[in-house]
Structure formats: structure tokens, C-alpha cells
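# Summary of the model geometry
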Amino acid sequence: MFWRRFSSYTLAILSIIITLPAVSEEFPFAVGEWPPFISSNAPGYGLHSELISEIFESQGHTVKLEFYPWRRSLELTKVGTLPATYSWSYLQEREGDFIYPEHPLDRLNDVYFYRKDRFPNGLPPLSFDELKARSLTVVGVEGYWYETVLNKAGVVFQTVATEEQAWKMLLHNRADIFIENDVSGDIQGQQFLGKDMDNIDRSAPFRTIPVYIMFSRHNPDALRMMEIWDRGITELSVSGPDSRTQ
């Protein structure tokens with residue numbers, strides 16, 4: 001009789017524990033300015049930030065964005081000070097410090113921005129080998145995905161610290177090309193060049209790639225956050241034909 005009562009009591013306790021809601025947590029992300037996808041001045045902090053917030057809230061959690069220069073965001077996540085950062089394309093050499101989730105955050109187009117008077121007939125979406133063959137100079141932000149790839153291809157590449165510096169170098173003919181996302185690049189150009197953006201054009205996309213949240217291999221919360229993301233985005237993807245991720 002005692003064991004029956006004990007077993008019944010234990011089962012009752014277990015059933016209560018199992019049905020208790022998960023504790024809500026606030027998870028931080030290291031980010032930088034990249035409108036319209038990430039912006040401290042935009043509603044919901046930008047399109048990608050809105051989606052991440054929606055996913056984590058669907059799983060009972062909230063997110064907190066910490067804005068830094070992009071190189072600082074990457075480094076803080078790399079060493080584990082913060083557990084995650086977005087939005088980044090895949091690079092194999094980053095896998096030693098970062099974990100990529102199963103599901104990307106978005107798929108985006110990369111293009112070449114250039115001066116119209118430098119290429120009056122336009123610029124096609126050349127391969128990096130073709131950039132090298134034409135002896136074209138590319139300007140870009142140090143630490144971004146294209147730095148390693150361009151250097152391996154032997155393309156002349158000039159590094160700067162910020163997007164604003166890259167746009168100014170392009171405008172003043174100190175480089176032939178600036179690589180950027182098509183949508184964000186249009187916004188950046190208007191922001192940094194104003195009316196001088198009328199002198200700039202862009203190529204058709206030379207690649208369309210997924211971008212990800214990168215989770216730190218050196219932060220104890222990162223794996224759990226990645227599981228929350230992958231579970232939440234999967235549920236959203238199958239929730240119906242109006243899903244934002246379809």
C-alpha cells in the first residue's frame with residue numbers, strides 16, 4: 001500500500017513538473033547597423049531583427065540587441081562574451097569559433113557598386129577571376145566574407161574600417177568596385193553619398209546566398225539559443241502558406 005501511494009504521489013509530482021511552462025529568458029545578440037535588415041533606428045530594429053524576435057517570442061523568450069561596430073560584434077561573439085551575432089554568410093574558416101544553425105535567416109543578393117562614368121556601358125556580374133583578369137580594384141570592409149575570397153583569387157583589394165569609408169573611396173575613384181547587398185547598398189549609398197549617389201550604379205547579382213545567425217562555440221547559452229531558433233523557424237515554416245519564411 002505504501003509503495004502504491006508513493007508511486008501515485010511521485011507520478012503526480014512528475015506530471016506537474018512536466019506541464020510547467022518553460023522559464024522565459026532574455027538572450028543577447030551582438031549586431032551592427034545594416035539597414036533595412038538591422039538598424040537601431042528602424043521599427044523592430046530591422047527586418048532580420050523582427051524575425052528573430054518573433055521566433056524567440058514564439059518559444060517563450062525575448063531577445064536583446066547590443067549594437068557595436070561590426071568587427072567588434074564579431075569578436076565579442078567569437079570569444080564568447082556574447083552568444084550570437086547576425087547576419088553573416090557562411091565561411092568555412094569561421095567554423096572553429098562559430099556554429100551555423102540548420103536554418104538560415106534569409107537569402108540575399110550581392111552586387112557590384114561602381115561609378116557610371118567608370119563603366120558607361122554597365123558592369124556585368126563578373127566572377128572574381130574576371131575581376132582579376134581586368135585588373136579591377138575592389139574596396140571593402142576588413143573582416144567581411146569577401147576579403148579572404150578576393151585575396152585567394154588574386155584580386156586587388158583595399159580594406160577600410162567602415163562602409164562609409166568604402167563608399168567615399170568608390171565615389172572619389174580610389175577603387176573600381178564596392179561589394180554589398182543590393183537592398184542595403186542602395187540605402188547606404190543614399191545615407192553616405194546623398195545626391196552623389198546619382199553617379200553610382202550597380203550590377204546584376206553575382207551571387208545569391210543564405211545568411212545566418214552565428215552562435216559562439218565559447219558561450220554556454222549558444223547551443224540552447226540555436227536549438228530555440230531552429231525549432232521556432234521550423235514551426236513557422238510549416239504553419240501555413242502565409243508564413244514569412246516561405
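My aim in this report is to walk through the structure given alongside it, one point at a time. Because the structure is predicted, anything quoted here is derived from the model rather than measured. (Residues numbered from 1 in each chain as written. Predicted model: local features only at pLDDT ≥ 70, side-chain atom pairs only at ≥ 80, totals over all residues. Heavy atoms only, no water.)

## Things to note about the pairing of strand 1 (residues 26–31)
Inclusion rule: Strand pairing is assigned whenever DSSP detects at least two bridges linking the two strands. Helix and strand definitions follow DSSP, with helices as H or I runs of at least four residues and strands as E runs of at least two, each counted in order from the N terminus. Seen with its strands pointing away from the viewer, a crossover is right-handed when the path leading from the first strand over the helix to the second is clockwise.
Bridging between strand 1 and strand 2 (residues 62–67) involves six bridges; their strand directions are parallel. Bridge pairing in strand 2 links A30 to E66. After leaving strand 1, the chain enters helix 2 (residues 47–58) and then returns to the sheet as strand 2, a path that is right-handed.

## Comments concerning the environment of S24
Quick note on the threshold: Accessibility here uses a 1.4 Å probe with only protein chains present; expressed as a share of the type maximum, an area under 20% marks a residue as buried, one over 50% as exposed, and anything in between as partly exposed. We call two residues in contact whenever any of their non-hydrogen atoms come within 4.5 Å of each other. Under the rule applied, a polar contact is a pair of N or O atoms within 3.5 Å (in protein, one hydrogen donor and one hydrogen acceptor; residues adjacent in sequence only if both atoms are side-chain atoms).
Here S24 lies in the loop between helix 1 (2–19) and strand 1. Residue S24 is classed as partly exposed on the basis of its relative accessible area of 49%. Here the alpha-carbon distance between S24 and Q59, two residues 35 residues apart in the chain, equals 8.6 Å. Ignoring sequence-local partners within four residues, the contact set of S24 consists of G60 and H61. There is a polar contact of 2.9 Å between the side chain of S24 and the backbone oxygen of G60.

## Things to note about helix 7 (residues 182–193)
So the rule is basically this: Take the residue count of a helix, subtract one, and multiply by 1.5 Å to get its expected span. When we speak of the arc, we mean the arc of directions from the helix axis to the C-beta atoms.
With twelve residues, helix 7 extends 16 Å from end C-alpha to end C-alpha; this agrees with the ideal 16 Å at 1.5 Å per step. Considered for burial, the residues of helix 7 that qualify are D182, S184, G185, Q188, G189 and L193. Across the axial projection of helix 7, the buried residues extend over an arc of 145°, all falling on one side. N-cap assignment for helix 7: the residue whose side-chain oxygen lies 3.0 Å from the backbone N of V183 is N181. Positive backbone phi, at 60°, marks G194, one or two positions downstream of helix 7.

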